[in-house]
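Per-entry structural report
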Amino acid sequence: MPYRKLYFVAALIGVLVLGFIATSVVGYYVARDSLDQRISNETLPLTSDNVYSEIEQDLLRSVLIASLMAHDTFLRDWTLEGENDRASILRYLSEIQDKHDTTTAFFVSEETRRYYHPDGVLRTVERGEPLDEWYFRVRAMDAPYEINVDHDTASPDRLTIFVNYRVHDYAGDYIGATGIGLAVDSVAELIESYEHRYGRRIFFIDREGQVQLRGESYDGPERIREHPGLQSVATQILTSQNATARYTDADGNTVHLNSRLIPEFGWYLIVEQAGSPANSRILNTLFLNIVIALVFAAIVLVTAWFTVRGYQVRLEEMATRDELSGAASRQVFSTLFEQVVRWSRRSGSPISLIALDIDEFKRVNDEHGHAAGDAVIRMLAGVINEHVREADTLCRWGGDEFLILLGECTLHDAEAIAEKIRAAVAGHGTRHGGEELAVTVSAGVAQHARNEDLTALVARADAALYRSKGAGRNRVSTD
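Residues numbered from 1 in each chain as written. Predicted model: local features only at pLDDT ≥ 70, side-chain atom pairs only at ≥ 80, totals over all residues. Heavy atoms only, no water.

Focus: the overall build of the protein chain
Helices and strands together make up the secondary structure of the protein chain, namely 12 helices and 18 strands. Here the protein chain holds 479 residues, and the buried ones make up 46% of them. In the protein chain, of all internal contacts separated by at least 6 residues, the share reaching a separation of at least 24 is 58%. In the structure as shown, the protein chain presents an accessible area of about 24,300 Å², 53% of it carried by carbon and sulfur atoms. (Helix = DSSP H or I, 4+ residues; strand = E, 2+ residues; numbered from the N terminus. Buried < 20%, exposed > 50% of the residue type's maximum accessible area, 1.4 Å probe, protein only. Contact = heavy atoms within 4.5 Å. Areas by Shrake-Rupley, 256 points an atom, 1.4 Å probe, with all protein chains shown as cover.)

Structural notes on a negative patch on the surface
Together, Glu126, Glu129, Glu133 and Glu408 make up a region of like negative charge exposed at the surface. With respect to the helices and strands, the residue Glu408 is situated in the loop between strand 14 (401-407) and helix 11 (411-426). (Patch = residues over 30% accessible without salt bridge, like charges linked within 9 Å, V, L, I, M, F, W, Y side chains within 5 Å. Salt bridge = Lys/Arg side-chain N within 4 Å of Asp/Glu carboxyl O. Lys, Arg positive; Asp, Glu negative; His and termini not counted. Charge placed at Lys NZ, Arg CZ, Asp CG, Glu CD.)

Details of the pairing of strand 14
Every other side chain in a regular strand lies on the same face of the sheet, so the side chains alternate between the two faces. Counting buried residues in strand 14 gives six out of seven residues, a clear majority hidden from the surface. Strand direction decides the pairing type here: strand 12 (residues 351-358) and strand 14, joined by seven bridges, are antiparallel. Looking across to strand 14, one finds that Ile351 is bridged to Gly407. Bridge count for strand 13 (residues 393-398) against strand 14 is five bridges, and the pairing is antiparallel. The residue of strand 14 that forms the bridge with Thr393 is Leu405. In this structure, the hairpin formed by strand 13 and strand 14 is closed by a connection of two residues, where Gly399 is found at a positive phi of approximately 60 degrees. (Pairing = 2+ DSSP bridges.)

Notes on the environment of Glu226
For Glu226, the location among the structural elements is in the loop between strand 8 (211-214) and helix 6 (234-238). Overall, the relative accessible area of 52% leaves Glu226 in the exposed class. The spatial distance from the C-alpha of Glu226 to the C-alpha of Gly209 is 9.5 Å, given a sequence separation of 17 residues.

Examining the nonpolar core
The tendency in soluble globular proteins is for nonpolar side chains to be buried side by side. Core analysis: the largest hydrophobic core is formed by 42 residues, its most contacted members being Ile161, Phe204 and Phe265. The biggest single contributor to this core is helix 1 (residues 2-70), with 11 residues. By size, the runner-up hydrophobic cluster in this structure holds 31 residues, among which are Ile354, Phe361, Ala414 and Val425. (Core = buried A, V, L, I, M, F, W, Y, C linked by side-chain atoms within 4.5 Å.)

Comments concerning helix 11
Compared with the 22 Å implied by 1.5 Å per residue over 16 residues, the 22 Å span of helix 11 between its first and last C-alpha is a close match. By the burial criterion, the buried members of helix 11 are Ala414, Ile417, Ala418, Ile421, Arg422 and Val425. Down the axis of helix 11, the buried side of the element spans an arc of 140 degrees, and every buried residue falls inside it. Away from its buried face, by an angle of more than 90 degrees, helix 11 presents the exposed residues His412 and Lys420. Those residues of helix 11 hidden inside the fold are in contact with strand 12, helix 10 (370-387), strand 14, strand 17 (441-447) and strand 18 (476-478). (Expected span 1.5 Å × (residues − 1). Arc of directions from axis to C-beta.)

Here we look at unusual backbone geometry
Of note, Asp101 is a non-glycine position whose phi angle comes to about 55 degrees, a positive value. Within the element layout of this structure, Asp101 appears in the loop between helix 3 (86-100) and strand 1 (104-109). Taking relative accessible area as the criterion, Asp101 reaches 68% and is therefore assigned exposed. Despite not being glycine, Arg473 has its phi angle at roughly 70 degrees, a positive value. By secondary structure assignment, the location of Arg473 is in the loop between helix 12 (454-470) and strand 18.

So, the packing of helix 2 (residues 73-80) against helix 3
The contact between helix 2 and helix 3 brings their axes to 11 Å, and the two run at 155 degrees. Here helix 2 lies roughly antiparallel to helix 3, going by the angle between them. For the pair helix 2 and helix 3, the sense of crossing is left-handed. The segment helix 2 lies against helix 3, with Phe74, Leu75 and Trp78 engaging Arg86, Ser88, Ile89 and Tyr92. Residues that form the contact of helix 2 with helix 3 fall into these classes: five nonpolar, one polar and one charged. (Axes fitted to C-alpha atoms, helices over the stretch in contact; angles between N-to-C directions. Parallel < 35°, antiparallel > 145°, perpendicular 65-115°, else oblique. Left-handed = near helix turned anticlockwise from the far one by under 90°. Nonpolar A, V, L, I, M, F, W, Y, C, P; charged D, E, K, R; others polar.)

Describing a positive patch on the surface
Taken together, the side chains of Arg342, Arg345, Arg346 and Arg450 define a basic patch exposed on the protein surface. Inspection of the secondary structure assignment puts Arg346 in helix 8 (residues 330-347). The partly exposed category is assigned to Arg346, whose relative accessible area is 40%.

Regarding the packing of aromatic side chains
To describe a pair of aromatic rings, one takes the distance between the centres and the angle between the planes. A full pass over the atoms with the stated rule returns 14 aromatic pairs. Where Phe106 meets Phe162, the ring centres are 6.0 Å apart and the plane angle is 75 degrees; that geometry is what we call edge-to-face. Of this pair, Phe106 sits in strand 1 while Phe162 sits in strand 5 (residues 159-168); the two residues are 56 residues apart in sequence, bridging distant segments of the chain. Judged on exposure class, the residue Phe106 and its partner Phe162 are both buried. Seen in terms of ring centroids, Phe107 and Tyr116 are 6.4 Å apart; in terms of plane orientation they differ by 15 degrees. Their pairing is stacked. Across the pair, exposure class does not vary: Phe107 and Tyr116 are buried alike. One aromatic cluster is present, formed by Phe106, Tyr115, Trp134, Tyr135, Phe136, Phe162 and Tyr174 through successive ring pairs. Across the ring face of Trp397, the terminal group of Arg330 is positioned such that the distance to the ring centre comes to 4.0 Å. (Phe/Tyr/Trp six-rings, centres within 6.5 Å; stacked < 30°, edge-to-face > 60°. Lys NZ or Arg CZ within 6 Å of the ring centre and 35° of its normal.)

Concerning the sheet that holds strand 10 (residues 254-262)
If you trace the five strands from one edge of the open sheet to the other, you get 8-7-11-10-9, paired in antiparallel fashion. Of all strands in the sheet, those with a lone pairing partner are strand 8 and strand 9 (242-248), marking the two edges. The mean angle between the axes of side-by-side strands here comes to 25 degrees, regardless of whether they run parallel or antiparallel. Note: strand 7 (residues 201-205) against strand 8, three bridges, orientation antiparallel. Within the sheet, the bridge partner assigned to Phe204 lies in strand 8 and is Leu213.

Things to note about the sheet that holds strand 18
One open sheet accounts for five strands, arranged 13-14-12-17-18; its pairing is mixed. Of all strands in the sheet, those with a lone pairing partner are strand 13 and strand 18, marking the two edges. Each strand axis lies, on average, 20 degrees off the axis of its neighbour in the sheet, ignoring direction. Each of strand 12, strand 14, strand 17 and strand 18 is contacted by helix 11, which is oriented at about 170 degrees to strand 17, the strand it contacts most.

In short, shape yes, function no, at least from these values alone.
Have a look at this one:
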């Protein structure tokens, strides 16, 4: 009974306090929401548009330069006449680079596969060589050119924005690829200038949430899912081409965010603003009017915030990640698949899928217990992650079956990756309960066909997996 009275008194006091501050709170929230809406819907999108326009302007200029090179009669005649005078092509590329202030200029001949650069013939491009994947992608595409971010052949440690342009002879037959490269640093300088001009934080992330370019004001972790505050809106950003959101930073400030996908890079442009001076003035006025009531309200709000926030983070993690293996859950895999397919359609790059599961997994559970089975699944997920790229997606499809989605990967390359995983698992083993458990996996590989949905692709990979099982297990089959 005393507790019930205490609750009643507390509730009554709460009602009285709320009634006392109602007018001030309503006025505060109306003013703040109006300002927040202006920041979110007008100010930040405008900054994002300005940055994108600057980038697009540089790209259009670069496309024009690459187009002139691809249609230059000197380049075509020199190629068709047998590439005899190397000094002339090197001088030509050097003049392009110097005249237009580009990071690099290049030409790759289809006849000899030589990579010409102002510094000389750097290499002969080869199929299957990761550094040369771009050439065979350009060779096979229908579009006249592509824009991509890649490591420079002349300086592999340097990230460069390339314009790769197809070159045809006078009869329209493909004879090579040419183009120029722009230093990513130039975009970073643009970021710095806009941060100083507008007082906002600007940075770029890739489709996995990895920070790729940043200004001097960014001091957070390399992945936005590990950033306090940003992690609460990471899924919204990475699953939308354009997004407007807000979050609370570590200092308790509301941060407004606008994101947009830059399709030429496959990166997201993020523009942030931490509140506004006007917000501070509105809040100070509220403090002067209702300082005591606000203290109590703040305690309740902070408690509720951290409680809801904890549940939200937990629910997001449960919805997107498999708790046992750390792999992507089946619920979000279809979304990620659609994103990769859309990117593949724009870039013309292949997509492959690996389906694999543990051979005789039921025997492991029956003979050693489910804890041992869990240890084997964790081991398998760890081995897979060691043999795939960060951009690839690992999904626990169900039970002991995993799917690996490989962007920009042919069936042949995917088969090689699956074979490496199979061999690694076979030689790894798992220690549990004082004994060593030796397990193997079987895998099936399929390459995505045009307009094929996820269900059909998984069915083909599963069919190849079953062939591996039927052929004796511990092997890789392709569709």
